[in-house]
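Architecture at a glance
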Amino acid sequence: MRQSSQSFNQWKHLNYFAVFVLTCLLMLMSKAALPYHASTAQQLEDNATAARTSSGESADPSTINGRSSADLTSMKAQSENLISCGALGNPYAYRAGNVDEFASPGDSASPSAALKAAFPSALGWKNFDDPASDRFFGHTFTGLPANIVQARLEIRMKPGNGIPWNDSIALAFTPNSLAGAWSMFIADLPANASHTWNPGQSPRTFSFDLSSLPPSGTRPTNLIAMLAAQRYLDVAIQDDTTVDYIKLFIWTCPLRLNFFGLPFQTLGQARLDRDPQGSVVVSNFGGRGEDGVEIGIGSGAGFNAHWDPLDGAAIPNGGYAEMRSFGVVDGAPNQFIGSIRNTKEGDSFAVSGDFKPLGAVAYEIRSYRLGRLVESHTVDGGGGGPTERAPFWKVNRYWSDYHVVYCFDGLLFVGIGFAPDCPCGPAVSAFLPCYVITYDASNPVMIGNSLADMVAIKLVTSAPRGVSVDSLQLVGSQIPRVTLTGVNIGYVGKPHHALGAATLEPFGGNLTVANIGSSGLDGVSVDLGKTDGFNFSFDPLDIRGLARPGSFIQASAAGSLNGQPDQPLGSFKVTKTGPVYMLAADFPTAGMATQRIQVYSDDTLVADLPGHRGPVGFASSWPRKLGKLGGGTESFTSDFEPGTFFFINGAVYRGNQVRVMAEQVTGVVYFNSAFTLQAAGLGEVTLTGLEATAAPGGIALRTKQPDSFAERRSRTEQALDVWRAARTSR
């Protein structure tokens, strides 16, 4: 279990409540303001030069990524022209590593193969939070958008044992020529006022403006043009320094707009508007097929998009809507993965696809009706050009929902809502995505010989591939408009969609809900399907103690009450009131008059307080988990750090979990179907996992965090080794 950086002194001679309040005050007083600025790093250039020289490449730093100084000057001018287009608005953050103050176990870092190859002298590579000495840290950000005009890198790190005072940081674009595009000793960073980086020094948070890095020899100080051209970034640190997390903030021009918590950017001549219902209207499609919108989905484990049915009568013959996916293929970033097109052909609409980049030679088409597989057949891969696509099927109307699904262990990893198994059948060892199209369940279409309301497209490949989808494009030709009614990110097996002004930023198997303001309306809603008990965990809240009194986090649930679906089932709220945190629960629809409060220390019951009224009480820290018990008990549960103090009904208890159960319940809750997490004053909340049990007749949920792409790729490489060995032995 992760341990908080905060701990309580052991007092023996004061009463418990005095200890509780005094300790909380000391905690607040001890939080020193953390430095929040910096800008660079140096040494790794020696390794970079050696790597370039050994490969026969010029060591002249005036040539970067195969471009001359004149080329770079021109690129810089173009970047500056883009910046002049107007206000840049809020950035979108790309993240790596949990904000958890170097807690163990560490979080996975994903340095590209090219980055590792650029530093052959490295004795090994380590993950986030790893204090090991003499090992490099590296991470590669991929899937960055086009038209980048500004960027800022935030990184929190601390010197480890060994010889950290000569450690350095490099920002690079491997394998494109210069391995260390910019680098500097950490001790020499301008924000490092002491100009030291020695064992035992406190952690520091550094912020790098990538358009104005500190001068470091002849290295470039403005990386924006290169970042915009390459659309990825390597970060490398040598070699006795521990890294907690990295955030890369990106601004683009034209400005990317936040819809459904995700960044949208127009393509071609398309326009984006918001209608009174909150839907996003994409319009002004021409006939080239290049007009539309691009949606960034980060490193999420899936994607669901829903739109109003297209008006087939208003679309001429040959008009089409198409979804294209881009991402990482076998470690290479910014790759075109494939596309699915829906084309009007007379009175019917043909669905076709092209996934040649993944080696697709055929496609297994699996048709479902009300969650049950009704037919499966295979079609040939067809040609590679848009006019040569062999249609997968033809129906009498356009599809309205589109899903990118990943399947693991035979389970559905991103919920469609009613299919308990992966729509593409057993898990694919190479972790290829599965593409799913849905129609109106009340008006199914005929596909093959069966009526269906959902169709899954499983890729049949000549060789396994490792794939991670980072962004999707919705483009069209000769269509009037597309009205998007919802876009969800897949995480821990279920669709998540943003609330209020929040943004969703998936990374490394986690999901950060960012841009949380003070309104209390910002957060995330989760489609649980049919669950009994569940528990969402998250990284430490307000780990630097910056939240003001009145800041809060609130969990709400909805489900089946007395046979009626989608009914509110109550809420649980934790509010900062100063040195302590007030706990309150509400069960309005359950007919609750009183509450039963229980405090646990691990599995030991510390307090059992029936007949409670009003607010639950107070705690000495923020919670780490929020959820519901299930098992026929209408209750909320909240987990805290071990040793947390709770003040309830005038008494102080010590433990790590509070359960609030409704008494005198008049209703019957059959299952939970939705969970909402909203906050105010916290900036961001990072979800790290879900534990859930299925309701009777419901859908089993995955009960552990999703594997990172690096871990999935590692197993993919193992599968490739087995496949190659089998071919060689034949």
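Parameters and conventions
- Residues numbered from 1 in each chain as written.
- Predicted model: local features only at pLDDT ≥ 70, side-chain atom pairs only at ≥ 80, totals over all residues.
- Heavy atoms only, no water.
- Salt bridge = Lys/Arg side-chain N within 4 Å of Asp/Glu carboxyl O.
- Helix = DSSP H or I, 4+ residues; strand = E, 2+ residues; numbered from the N terminus.
- Pairing = 2+ DSSP bridges.
- Phe/Tyr/Trp six-rings, centres within 6.5 Å; stacked < 30°, edge-to-face > 60°.
- Lys NZ or Arg CZ within 6 Å of the ring centre and 35° of its normal.
- Axes fitted to C-alpha atoms, helices over the stretch in contact; angles between N-to-C directions.
- Buried < 20%, exposed > 50% of the residue type's maximum accessible area, 1.4 Å probe, protein only.
- Polar contact = N/O pair within 3.5 Å; in protein donor to acceptor, adjacent residues only side chain to side chain.
- Contact = heavy atoms within 4.5 Å.
- Core = buried A, V, L, I, M, F, W, Y, C linked by side-chain atoms within 4.5 Å.
- pLDDT = per-residue confidence, 0-100.

By the definition in use, this model includes 19 salt bridges. Here Asp542 makes a salt bridge to Lys576, at a shortest N to O gap of 3.9 Å. On the criterion of sequence distance, the pair formed by Asp542 in the loop between β34 (522–538) and β35 (552–561) and Lys576 in strand β36 (residues 564–576) is long-range, its members being 34 residues apart. Glu691 is the partner of Lys625 in a salt bridge, and the nearest nitrogen-oxygen pair spans 3.4 Å. Separated by 66 residues along the polypeptide, Lys625 in strand β41 (residues 625–630) and Glu691 in strand β45 (residues 683–694) bring together distant segments of the chain. What you see here is one network of salt bridges that share partners, running through Arg95, Lys247, Glu505 and Glu684.

What follows covers the sheet that holds strand β3 (residues 136–141). Spatially, the 5 strands line up as an open sheet ordered β2-β3-β8-β5-β6, and their pairing is mixed. If you trace the sheet from one side to the other, it starts and ends with β2 (125–126) and β6 (182–185), each paired once. Where strand β5 (residues 168–172) and strand β8 (residues 233–238) come together, 5 bridges link them in antiparallel fashion. Bridge pairing links Ala170 to Ala236 in β8.

With that settled, the discussion passes to the pairing of strand β39 (residues 604–612). Note: strand β38 (residues 595–601) against β39, 6 bridges, orientation antiparallel. When the sheet's bridge partners are listed, Gln595 is paired in β39 with His612. Linkage of β38 to β39, two consecutive antiparallel strands, is achieved through a turn of 2 residues, within which Asp602 is found at a positive phi near 55°.

Here we take up the packing of aromatic side chains. As enumerated under the stated definition, the model contains 26 aromatic pairs in all. Their ring planes at 5° and their centres at 4.8 Å tell us that Phe536 and Phe675 sit as a pair that is stacked. You can see Phe536 sitting in strand β34 and its partner Phe675 sitting in strand β44 (residues 669–680), a full 139 residues away along the chain. Aromatic rings pair up to connect Phe355, Tyr363, Phe392, Trp393 and Tyr435 into one cluster. Over the aromatic face of Phe636 sits the side chain of Lys628, whose NZ or CZ is 5.4 Å from the ring centroid. Sitting above the plane of the Tyr600 ring, Arg659 keeps its charged end 4.2 Å from the centroid.

As a further point, take the sheet that holds strand β4 (residues 148–159). Read from one edge to the other, the open sheet built from 4 strands follows the order β1-β9-β4-β7, with strand pairing classed as antiparallel. Of all strands in the sheet, those bounded by a partner on one side alone are β1 (92–96) and β7 (204–209). Recorded for the sheet is a direction-independent mean angle of 20° between the axes of neighbouring strands. In this structure, β4 lies alongside β7, joined through 6 bridges in antiparallel fashion. Within β7, the position partnered with Arg156 by the bridge is Thr205.

On to the pairing of strand β25 (residues 434–438), then. Most of β25 is tucked away: 5 of the 5 residues are buried. Where strand β22 (residues 401–405) lies against β25, 5 bridges are found, and the strand directions are antiparallel. Its bridge partner lying in β25, Tyr402 is registered against Ile437. Sheet topology note: the β25/strand β28 (residues 454–461) ladder contains 4 bridges and is antiparallel. Looking at the pairing, Thr438 lines up with Met454 of β28.

Another aspect to go through is unusual backbone geometry. Following Ser104, the chain continues to Pro105 via a peptide bond in cis, the omega torsion being 0°. The topology assignment puts Pro105 in the loop between β1 and α4 (113–118). Cis geometry is adopted by the peptide bond preceding Asp239, which originates at Gln238 and carries an omega value of -20°. Inspection of the secondary structure puts Asp239 in the loop between β8 and β9 (241–252). One non-glycine residue, His195, lies in the positive phi region at around 55°. Within the secondary structure, His195 is located in the loop between β6 and β7. On the basis of relative accessibility, which here comes to 46%, the residue His195 falls in the partly exposed class.

It is worth spelling out the side chain of Glu154 at this point. Counting through the fold element by element, Glu154 comes out in strand β4. In this structure the side chain of Glu154 is engaged in a polar contact, spanning 2.5 Å, whose partner is the side chain of Tyr245.

Here Ser471 shows up in strand β29 (residues 467–477). Residue classification places Ser471 among the buried positions, given a relative accessible area of 9%. Apart from the residues within four sequence positions on either side, Ser471 is in contact with Glu294, Ile295, Gly296, Ile297, Arg324, Ser325 and Phe326.

This part takes up the nonpolar core. By size, the foremost hydrophobic cluster in this structure holds 147 residues, and its most contacted members are Leu210, Phe264, Trp393 and Ile553. At 6 residues, β34 tops the list of elements feeding residues into this core. Not counting chain neighbours up to four residues away, the residues in contact with Leu210 comprise Ala151, Leu153, Leu171, Thr221, Asn222, Leu223, Ile224, Leu227, Leu233 and Leu248. In this structure, Cys422, Val436, Met454 and Ala456 belong to the second largest nonpolar core, which totals 8 residues.

Right, let's talk about the environment of His377 for a bit. Within the fold, His377 resides in strand β20 (residues 372–380). It is 6.8 Å that separates the C-alpha atoms of His377 and Arg366, two residues lying 11 residues apart in sequence.

We now examine the environment of Ser212. Along the polypeptide, Ser212 turns up in the loop between β7 and α5 (224–230). In sequence terms Ser212 and Ile224 are 12 residues apart; their C-alpha atoms lie 9.2 Å from each other.

Moving on: the confidence of the model for the protein chain. Residues of the protein chain with pLDDT of at least 70 account for 77%, and the chain-wide mean is 78. Across the protein chain, the secondary-structure element scoring lowest on mean pLDDT is helix α2 (residues 45–54), at 36, and the one scoring highest is strand β40 (residues 617–619), at 96. Confidence drops under a pLDDT of 50 for residues 1–84, and excluding neighbours within four residues, the segment shows 173 contacts in the predicted structure. Throughout residues 383–388 the model reports pLDDT below 50, and contacts reaching past four residues in sequence, or to other chains, amount to 6 contacts.

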